[in-house]
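# Examining the three-dimensional arrangement
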Amino acid sequence: MAENEKRVAVVTGGSRGIGRAIILALAEPDLQVVFNHYDPDDVAAAETVRLAAERRCQAEGEKLDVSNYEAVQEFFRKVADRFGRIDILVNNAGITRDGFLSRMKEADWDAVLAVNLKSAFNCTQAVSRFMMKQRYGRIVNIASVVGAMGNAGQANYAASKAGVIGFTKSIARELASRNITVNAVAPGFIETDMTAVLPEKVKEAFLAQIPLGRAGRTEDVAQAVKFLTSEAASYITGQVIHVNGGMYM
Ligand SMILES: NC(=O)c1ccc[n+]([C@@H]2O[C@H](COP(=O)([O-])OP(=O)(O)OC[C@H]3O[C@@H](n4cnc5c(N)ncnc54)[C@H](O)[C@@H]3O)[C@@H](O)[C@H]2O)c1
């Protein structure tokens, strides 16, 4: 099969954690995956490529800061030139810079808003040009339970994720007539590098709030994303699917 006959999925932040699980959930021989990451080295990205290849799916990753508008436009131009189409975009890249408001540094506010929210604008605007021409697209934005509930010590992160939800609903309305669906998945407390660094007391406090009694796995989130990108979800747009073990209802 020629490269451009495959469906094409772009996943941001695909080297590790939830992004890698999304790639592996989507992975199949008829799908070309292109992902980016911002790790200091390519070790985790290479492992994502290897695991996708085990599923006979070709994945390619590159280091790219998704908060950089120009770099993102260039990245999507390259993907579209090379593969001729972009069917799926998952805006997954994200960071935390936690701290109480009184001590939060301006740089920590700006970094979290740039990587978590502006990136969704950067990538979605770039991809929407191609998807509108195709009259087809599936966009899934990774929000967070914190965007709906708020969380002390995460004002920047919660604001960015609430922003992602508002962005999702607005773009869903704008792109619906072109057969492009735009949804969000809001994970709860998921075991990844992002949460591994939390103090034990904070982890225990999260677990105590989860009716299903366990932290989430990256696959739990990935399966919701996979569903939203499938034909079975073609009549779903502008929605937020919460994957949080009942932590927020
Ligand atoms: N882990 C959780 O409990 C949890 C809960 C709710 C939401 N989320 C969200 O899920 C998404 C993935 O989180 P995770 O837990 O897998 O995190 P992670 O730290 O394990 O992985 C983050 C990924 O994003 C990439 N990234 C970071 N900054 C980037 C940048 N500037 N440009 C491009 N890529 C960048 C990293 O390289 C990595 O691939 C994030 O949006 C996060 O906010 C996570």
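Residues numbered from 1 in each chain as written. Predicted model: local features only at pLDDT ≥ 70, side-chain atom pairs only at ≥ 80, totals over all residues.

The helix and strand inventory of the protein stands at 9 helices and 7 strands. A globule of 249 residues ought to have a C-alpha radius of gyration of about 18 Å, and the protein, at 17 Å, matches this closely. A principal-axis box enclosing the C-alpha atoms of the protein has dimensions of 50 × 40 × 35 Å. Classification of the 249 residues of the protein by burial places 45% in the buried group. In the protein, the proportion of contacts linking residues at least 24 apart, taken out of those at least 6 apart, comes to 76%. (Helix = DSSP H or I, 4+ residues; strand = E, 2+ residues; numbered from the N terminus. Rg over C-alpha atoms; globule rule 2.2 N^0.38 Å. Buried ≥ 20, exposed ≤ 12 C-beta atoms within 10 Å, placed from the backbone. Contact = placed C-beta atoms within 7 Å.)

Below, the discussion takes up the sheet that holds strand β3 (residues 58-63). Spatial strand order, β3-β2-β1-β4-β5-β6-β7: 7 strands in an open sheet with parallel pairing. Two strands close off the open sheet at either side, each with one partner strand: β3 and β7 (240-243). Direction aside, neighbouring strands of the sheet carry axes that sit 15° apart on average. Strand contacts of helix α1 (residues 17-26): β1 (7-11), β2 (31-37), β3, β4 (88-91), β5 (137-142) and β6 (180-187), with the helix running at about 175° to β2, the strand carrying the most contacts. (Pairing = 2+ DSSP bridges. Axes fitted to C-alpha atoms, helices over the stretch in contact; angles between N-to-C directions.)

Our next topic: the site of the ligand. If you check the shell around the ligand, you find 30 residues, and the closest are G13, G17, Y38, G94 and T192. Its residues assigned to classes, the shell around the ligand comprises 12 nonpolar, 14 polar and 4 charged. (Near = placed C-beta within 6 Å. Nonpolar A, V, L, I, M, F, W, Y, C, P; charged D, E, K, R; others polar.)

Structurally, N91 can be placed in strand β4. On the basis of neighbour counts, which here come to 29 C-beta atoms within 10 Å, the residue N91 falls in the buried class. Counting along the chain gives 73 residues from N91 to V164, while the straight-line C-alpha distance between them is 9.6 Å. Non-local contacts of N91, meaning those with residues more than four positions away in its chain, are made with T12, S119, A120, C123, T124, N141 and I142.

Before going further, it helps to spend a moment on unusual backbone geometry. With glycine set apart, most residues show a phi of negative sign, and most peptide bonds adopt trans. In this structure, R135 is a non-glycine residue whose phi angle is positive, near 55°. With respect to the secondary-structure elements, R135 resides in the loop between α4 (106-134) and β5. When the 10 C-beta atoms within 10 Å are taken as the criterion, R135 is described as exposed. A positive phi angle, close to 65°, is found at N179, a residue other than glycine. The residue N179 is located in the loop between α6 (155-175) and β6 in this model. For N179, a count of 15 C-beta atoms within 10 Å puts it in the partly exposed group.

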